[in-house]
Amino acid sequence: MTDYVTFVVALKAVTLVLGGLITYFAANAYRRTGSRPIGFLAVGFGFVTLGSLLAGAAHQAFGLPVNAVLLIESALVAIGFGVITYSLYE
């Protein structure tokens, strides 16, 4: 069980770093261009990344049950993908 938890924490850390970089680069592109769709893209990736961060923190730091953690992560990822979809549509 411990190896599994360590692996999940490591993957969450990688997700946080990569998601943070994507969000940062998209936000910089928005600042440079002023393009609303790129701004929404940055916000969408921010939500997806935030979902991963909050889910991991809620479970590790606050001891929330796995079902609650999955709900938090799924909701934020769904919102993020909705915003990303809107950014590509606009």
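Details of the structure are given in the entry above.
Since the model is a prediction, treat every value here as computed from it, not as a measurement.

## Digging into helix H3 (residues 66-89)
Consideration 1: Relative to the 34 Å expected for 24 residues at 1.5 Å per residue, H3 spans 34 Å between its end C-alpha atoms, a close match to the ideal helical length.
Consideration 2: For H3, the full list of buried residues reads Val-69, Leu-76, Gly-80, Val-83, Ile-84 and Ser-87.
Consideration 3: Those residues of H3 that are buried lie in contact with helix H2 (36-60).

## Details of the pattern of salt bridges
Consideration 1: With the rule as written, the count across this model stands at one salt bridge.
Consideration 2: In this structure, Glu-73 and Lys-12 form a salt bridge, with 2.5 Å as the shortest nitrogen-oxygen distance. Pair noted here: Glu-73 is in helix H3 and Lys-12 is in helix H1 (residues 2-33), with a separation of 61 residues, a long-range link.

## A closer look at the side chain of Ser-52
Consideration 1: Relative to the helices and strands, Ser-52 resides in helix H2.
Consideration 2: When its relative accessible area of 6% is taken as the criterion, Ser-52 is described as buried.

## Quick look at the side chain of Ser-87
Consideration 1: With respect to the helices and strands, the residue Ser-87 is situated in helix H3.
Consideration 2: Owing to a relative accessible area of 5%, Ser-87 belongs among the buried residues under this scheme.
Consideration 3: Only 2.6 Å separates the side chain of Ser-87 from the backbone oxygen of Ile-84, close enough to count as a polar contact.
Consideration 4: Residues contacting Ser-87, with those up to four places away along its chain left out, are Pro-37, Phe-40 and Leu-41.

## A few points about the packing of H2 against H3
Consideration 1: Look at H2 against H3: their axes get within 7 Å of each other, and the N-to-C directions meet at 175°. Judged by the angle between their axes, H2 and H3 are roughly antiparallel.
Consideration 2: Classifying every residue of the contact of H2 with H3 by side-chain character gives 21 nonpolar, six polar and two charged.

## Concerning the packing of aromatic side chains
Consideration 1: Evaluation of the coordinates by the stated rule reveals two aromatic pairs.
Consideration 2: For the pair Phe-40 and Tyr-86, a centre-to-centre distance of 5.0 Å together with 90° between the ring planes defines the contact as edge-to-face. Of the two residues, Phe-40 sits in helix H2 while Tyr-86 sits in helix H3, which places them 46 residues apart along the sequence.

## Quick notes on the environment of Thr-85
Consideration 1: Note on placement: Thr-85 falls in helix H3.
Consideration 2: C-alpha separation for the pair Thr-85 and Leu-41, spaced 44 residues apart in sequence, amounts to 8.3 Å.
Consideration 3: At a separation of 2.7 Å, a polar atom in the side chain of Thr-85 contacts the main-chain carbonyl oxygen of Phe-81.

Thresholds applied
- Residues numbered from 1 in each chain as written.
- Predicted model: local features only at pLDDT ≥ 70, side-chain atom pairs only at ≥ 80, totals over all residues.
- Heavy atoms only, no water.
- Helix = DSSP H or I, 4+ residues; strand = E, 2+ residues; numbered from the N terminus.
- Expected span 1.5 Å × (residues − 1).
- Buried < 20%, exposed > 50% of the residue type's maximum accessible area, 1.4 Å probe, protein only.
- Contact = heavy atoms within 4.5 Å.
- Salt bridge = Lys/Arg side-chain N within 4 Å of Asp/Glu carboxyl O.
- Polar contact = N/O pair within 3.5 Å; in protein donor to acceptor, adjacent residues only side chain to side chain.
- Axes fitted to C-alpha atoms, helices over the stretch in contact; angles between N-to-C directions.
- Parallel < 35°, antiparallel > 145°, perpendicular 65-115°, else oblique.
- Nonpolar A, V, L, I, M, F, W, Y, C, P; charged D, E, K, R; others polar.
- Phe/Tyr/Trp six-rings, centres within 6.5 Å; stacked < 30°, edge-to-face > 60°.

Note that every value here comes from positions in space, so none of it alone points to a role or purpose.
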